[in-house]
Amino acid sequence: MRGARRTAGVLVAGAMLLAPRVWAAPRVWVVDDGEKVRSIDLATPFAHGEDNPVWQPGAPVRLFAMRNESVALQVVVEADDDALDGVTVDLDELHGPGEAVLANREPRTVPQPIERFVEHFTIVQHPSGRAEGEGSQGWEDGSGPAHGAWLGPVPDALIPVEVARSWDPYPMHVLPRTNRLVWIDLNVPRTQAAGAYAGSVLVHAAGSRELATIPVELEVADATLPDRTVGTAVHVDLAQLEERSGRYAERGLWQLLHAHRITPLHEATTQGDVQRQADALNGSLFTRATGYVGPGAGLGDGVLALGAAGALEGPDDGTLHAVEGVVAQVSYQKLFGSTEVILFAADEQCESPWGAGWRALLRGADDQDVRRVRVGWRCPQDPTAQPVDVPILHASWNAAEAKSARAQGKETWVYGGVLPRTGTFLLDANAVSPRVNGWLSAMFGIPRWDAGDAMRWSRGQDGDEPIDPFEEPETYQDGDGAWAEGEGLLVYPGTQLGAFQEHSLGVPGVVPSIRLKNWRRGIEDAGYLQMARERDPAAADAVARWLIPAAFGEATAGGAPSWSPRGRAFFEARRALLAIALGREPVALAAPAGAARSDAQLANVAQVARGSSTLDAEAAIVLALAGIVGMRLLRRRQA
C-alpha cells in the first residue's frame, strides 16, 4: 500500500509538471485557518483576495483576538516554472502598545506565543464512502463535499518547523507549479496588553532571495476568553501510544490537547491507571512549572471513564470490587468534585443489559463514592428511554428529548459527526467542518461532544493493522464495505518506533492536525457566543442562526449543510459576536457564500434578528434579505 501511495504521489507531481503555464513568477499569499489548500490548488480565488477575510493583495493581514485565545493564518508559497529551494516563512514578533510584544521570549513553553508548522500533504486516492450508496461515515447520501474536491495531496498534519525532517523539510522545497504552506498560530496569553500589534511575515528562498514581505496587524481586544467554553472528549489508546512513540509521549499528548481546549476521555481500569494520569486530571501538569502557559492553566481535564467502551464487561461482585478499588484511588487523589467519573458500560449496544445492571449495582453500593459514579454508553436512541445516566447520541440531538432526559437526572452527550446534521471530522471534508460542532455545542447547550478516537494510527474494523498516518489516510474499514479517510485521526505521532521510523520526527508526544485546529477554533467561537449572550442573548443567537440556521433534526435529510463551507462566514460571525460582547456598533452580515438554506430557514433567521435589541433595523434587513437574495442566486447558478 505504501508503494501505491508513493506511485500516486509521482503521478500527481507528473501531472502538475505537464499543467499549462499559469504565471511567470513565484507568488506568496495568505488565507485564514478556515480553508484547506491542496498543493495542486494554483491561482485560487483566495490568492486574489476573493472570499478571503484576512488578506487582500497589497494589504496587511488583519486579525483580531481576545486575550487567552489562538488565531491562525496560512502562508502559501507557489512556485512558477522553476522549483524553489530553501523556502522560509518567518514571523518573529508583533509589537503592540508601549513595550508590549507578542514573541517567543520563553523557550520550551506549551504553547509558544508564535508557532509555525509545515503543512504535510497526504495523497487521498478516493473519497470516504460505502460500497453501496454515496454516503460515508461522515455524511449522508447527497450531503458530502463536491465529488473530487479533496482528492490528491490534501494537507492535514502540522509539523513544527523546528523538527521538520528531510521527508517534509523546512526550509521547504516547492516543486514547479505547486505550492507549500506554513501554518502560523498566534497564541495570545491572558496577560497580554490590549491594543494594536504589528509585525511582518518574511518569506525567503535559498540564497537570501526575498519572495515577499507581508505586514501583519493583530487587534487584541480588551477582553479575555474563558478557559472553559464547551465540553469535549476524545478517546486515546495509551498502550498504542507507548508502543508506537515510547513511554514519554503521554505527557506531550495531554499538554497538546489541553492547549487546544480538547479533553481526552481519560480511561482507568486499575488504580495504577488513575495514578498515572493524576497530574492531568488534577491540573498540576498544566502549570508554568511544567512548561505549560496556555488556556486552562492549573485546571484538570475533568473527566474520567472507568472501563471505556465496555472494558469492565458485565456487572457482578468481582467487577464491582475492581471498580471500588479504582474509585478509592480517585478519592485518594482528591479528584471527586473537579472530575466527572463515568463508568462506560458498552459501546453502541443499546440492547445490552450492562447499562441497567451497572447502574443498579453502583446505586446500591455501600461506599458513597462508588454511588457518585455515573453510568454512560453510546446509543443513538431516545435518551429518555435509555437505562443510563449519560446517554451519548450519534450526531443527533433533540432539544425536547434532552430536556426531558435532564429532568430525569441524565446528561445527554453527542459523539461523531455526520453532514448535514452536524460537522464531520473526516479528512476529506471542508476545513470548517469540525468547527461547526463547537458552535453547535454552544447553540444547543450540549454538555460534552465526543469526537471518537484521536489517534487511530491503524486500519481495519478492529484497528488491528498498523499504518503510517503521515502516508496512509484511510484509517477505517468495516465488513460492510465502508471506508473513511482520517476517521479517528486528529493527532499524528511525534516519534515513530518500529516499522515506520522513516517518518519519525524524533520528539515526544504528538503533533496536531488542521482538523484539530479547526475544532479548537469552533470551541473558542463558542466562548464568543457565550460572552455575547451575556450582554444580548437575542442578538447573539441571531448571529449563530445566521451562520448555522439548521442542524440536527432541522437539517434537510440528504441535502447540503445549511452553513457556508468557507471560512469567511465563520470569521464574520465571530467578528459580529465580538461587537455584541463588547457593546460596539453592530456588524451587518451579508449572505454566506455557498450556504444551502431554504427560504423558511432564512425567514427563521430574519425573525430572530428582528427580535434583537442590539442589531438595528438596517442590520436585520441586510442579514435577512441579502441572505435570501444570495441563496436564490446560488440556486440559479446550480440549476
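Everything numeric in this text was worked out from a predicted model, so none of it was measured. (Residues numbered from 1 in each chain as written. Predicted model: local features only at pLDDT ≥ 70, side-chain atom pairs only at ≥ 80, totals over all residues. Heavy atoms only, no water.)

Asker: What exactly am I supposed to notice about the packing of aromatic side chains here?
Answerer: The geometry of two aromatic rings is summed up by the distance between their centres and the angle between their planes. Per the stated rule, a full pass over the model turns up seven aromatic pairs. Each ring, one from F425 and one from W519, has its centre 5.0 Å from the other, and the planes form 70 degrees; the classification is edge-to-face. Of the two residues, F425 is situated in the loop between β20 (413–415) and α9 (433–444) and W519 in helix α10 (residues 514–535); the sequence distance between them amounts to 94 residues. Accessibility assignment for this pair places F425 and W519 in one class, buried. Of the aromatic side chains, those joined through ring pairs into one cluster are W167, F470 and Y492. Residue placement shows R378 over the ring face of Y415; its charged tip is 4.5 Å from the ring centre. Note that R574 overlies the ring of F64, its terminal NZ or CZ placed 4.0 Å from the centroid. (Phe/Tyr/Trp six-rings, centres within 6.5 Å; stacked < 30°, edge-to-face > 60°. Helix = DSSP H or I, 4+ residues; strand = E, 2+ residues; numbered from the N terminus. Buried < 20%, exposed > 50% of the residue type's maximum accessible area, 1.4 Å probe, protein only. Lys NZ or Arg CZ within 6 Å of the ring centre and 35° of its normal.)

Asker: Looking at this structure, how should I read the state of the cysteines?
Answerer: Two cysteines form a disulfide when their sulfur atoms are joined by a covalent bond. All chains considered together, the criterion is met by one disulfide. Paired by a disulfide, C350 and C379 hold their sulfur atoms 2.1 Å apart. Judged by the sign of its S-S torsion, about 120 degrees, the bond between C350 and C379 is right-handed. With C350 in the loop between β17 (340–347) and α6 (354–363) and C379 in the loop between β18 (374–378) and β19 (390–394), this residue pair connects regions lying 29 residues apart in the sequence. One exposure class covers both C350 and C379, and it is buried. (Disulfide = S-S within 2.5 Å.)

Asker: For this particular structure, what's the right way to read the confidence of the model for the protein chain?
Answerer: Summing up the model confidence of the protein chain, the mean pLDDT is 90 and the portion of residues at 70 or higher is 89%. Ignoring residues within four places in sequence, the model shows residues 1–20, a span with pLDDT below 50, making 31 contacts including any to other chains. Across residues 606–639, confidence stays below pLDDT 50; counting only partners more than four residues off in sequence or on other chains, it has 47 contacts. (pLDDT = per-residue confidence, 0-100. Contact = heavy atoms within 4.5 Å.)

Asker: Explain unusual backbone geometry here, please?
Answerer: Most of the time, phi is negative for any residue but glycine, and the peptide bond is trans. Following V110, the chain continues to P111 via a peptide bond in cis, the omega torsion being -10 degrees. Inspection of the secondary structure puts P111 in the loop between β6 (101–103) and β7 (114–124). A cis amide bond links L419 to the next residue, P420, at an omega of 5 degrees. Along the chain, the position of P420 falls in the loop between β20 and α9.

Asker: Explain the layout of surface pockets to me, please; I cannot follow it from the model alone.
Answerer: Gaps left between atoms are located by rolling a probe of water-molecule size over the structure's atoms. Roughly 1,200 Å³ of volume is contained in the largest pocket. R378, D453, R456, Y476 and E487 are the residues nearest the centre of the largest pocket, which is lined by 39 residues in total. Where the lining of the largest pocket is concerned, the elements lending two or more residues are β17 and β21 (449–453). Looking at the lining of the largest pocket element by element, the count peaks at three residues for β21. Of the volumes computed, that of the second largest pocket is approximately 860 Å³. Forming the boundary of the second largest pocket are 33 residues, of which T109, V110, Q112, E115 and P160 lie nearest the centre. Of all elements in the fold, only β7, β11 (179–188), α3 (249–259), β27 (510–512) and α10 reach the threshold of two or more residues within the lining of the second largest pocket. The element contributing the most residues to the lining of the second largest pocket is α3, with five residues. Along the lines of polarity and charge, the residues of the lining of the second largest pocket split into 14 nonpolar, eleven polar and eight charged. (1 Å grid on protein atoms, 1.4 Å probe; cavity = no way out; pocket = protein on both sides within 12 Å on 5 of 7 lines; lining within 4 Å. Points joined across faces, edges and corners; volume = space filled by probe spheres on them. Nonpolar A, V, L, I, M, F, W, Y, C, P; charged D, E, K, R; others polar.)

Asker: I tried to follow empty space enclosed by the protein on my own but got confused; where do I start?
Answerer: Within this structure, the stated rule accounts for two cavities of 30 Å³ or more. Roughly 90 Å³ of volume is contained in the largest cavity. Every residue along the wall of the largest cavity is listed here: D32, D33, V54, L63, V71, A72, R435, R521, D525, F570, F571 and R574. Elements represented by at least two residues in the lining of the largest cavity include exactly β3 (69–78), α10 and α12 (567–582). Among the elements that line the lining of the largest cavity, the one with the most residues is α12, at three residues.

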